[in-house]
Amino acid sequence: FEDVEGVARDLIRSKLTSREKLACIGGSNGGLLVGNLITRPIGSSLFGAAVCQVPLLDMKRYSQLLAGASWMGEYGNPETSDWKFLRKHSPYHLLRHDILGKPELGDDGV
């Protein structure tokens, strides 16, 4: 994640773009990347928009998905000491409430 953040910072610093015009998009493993970018303090401040398609966001429960058990060789087993590492890369567990919008009173679409 740090490499994408570094490139984004450099693009902004060199004035090739601005935060408002910079976006990130990713699906599947790229969705995991985007999920981490928008939940990390640095990444969430660099992008004006993000598209997160078919992401894997909950690294604690991913192994319970249909194909999830077959990914444990790549990601690790969240039911073991691997969780200490996985938690740092689990967008669901990194979500900060200060970046969430608060629903308006009477807004039942949330």
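The structure contained in this document is the topic of the report that follows. Predicted model only: the values in this text are computed from it and were never measured.

With that settled, consider the overall build of the protein chain. Regarding its fold elements, the protein chain presents six helices and two strands. Taken from N to C terminus, the helices and strands of the protein chain fall in the order α-β-α-α-β-α-α-α. Looking at the protein chain residue by residue over its 110 residues, the buried ones come to 27%. Relative to all contacts within the protein chain whose residues are 6 or more apart in sequence, the contacts with residues 24 or more apart total 59%.

Another aspect to go through is the packing of aromatic side chains. According to the stated counting rule, one finds two aromatic pairs in the structure shown. Measuring from ring centre to ring centre gives 6.3 Å for Y62 and W71, while their planes differ by 15 degrees; the resulting arrangement is stacked. Judged by relative accessible area, which is 0%, Y62 ranks as buried. On the accessibility criterion, W71 (30% relative accessible area) is partly exposed. Aromatic rings pair up to connect Y62, W71 and Y75 into one cluster.

Those residues of helix α2 (residues 29-39) lying buried are G31, L32, V34, G35, N36, L37 and T39. Lining the buried residues of α2 we find α1 (2-13), β1 (23-27), α3 (41-44), β2 (49-53), α4 (72-75) and α6 (91-94).

Let us look at the pairing of β1. Side chains C24 and G26 of β1 all project onto a buried face; the interleaved residues A23, I25 and G27 project onto a face where none is buried. Direction of pairing for β1 relative to β2: parallel, over a ladder of five bridges. Each residue of the ladder has a partner; that of G27, found in β2, is Q53.

Criteria and cut-off values
Residues numbered from 1 in each chain as written. Predicted model: local features only at pLDDT ≥ 70, side-chain atom pairs only at ≥ 80, totals over all residues. Heavy atoms only, no water. Helix = DSSP H or I, 4+ residues; strand = E, 2+ residues; numbered from the N terminus. Buried < 20%, exposed > 50% of the residue type's maximum accessible area, 1.4 Å probe, protein only. Contact = heavy atoms within 4.5 Å. Phe/Tyr/Trp six-rings, centres within 6.5 Å; stacked < 30°, edge-to-face > 60°. Pairing = 2+ DSSP bridges.

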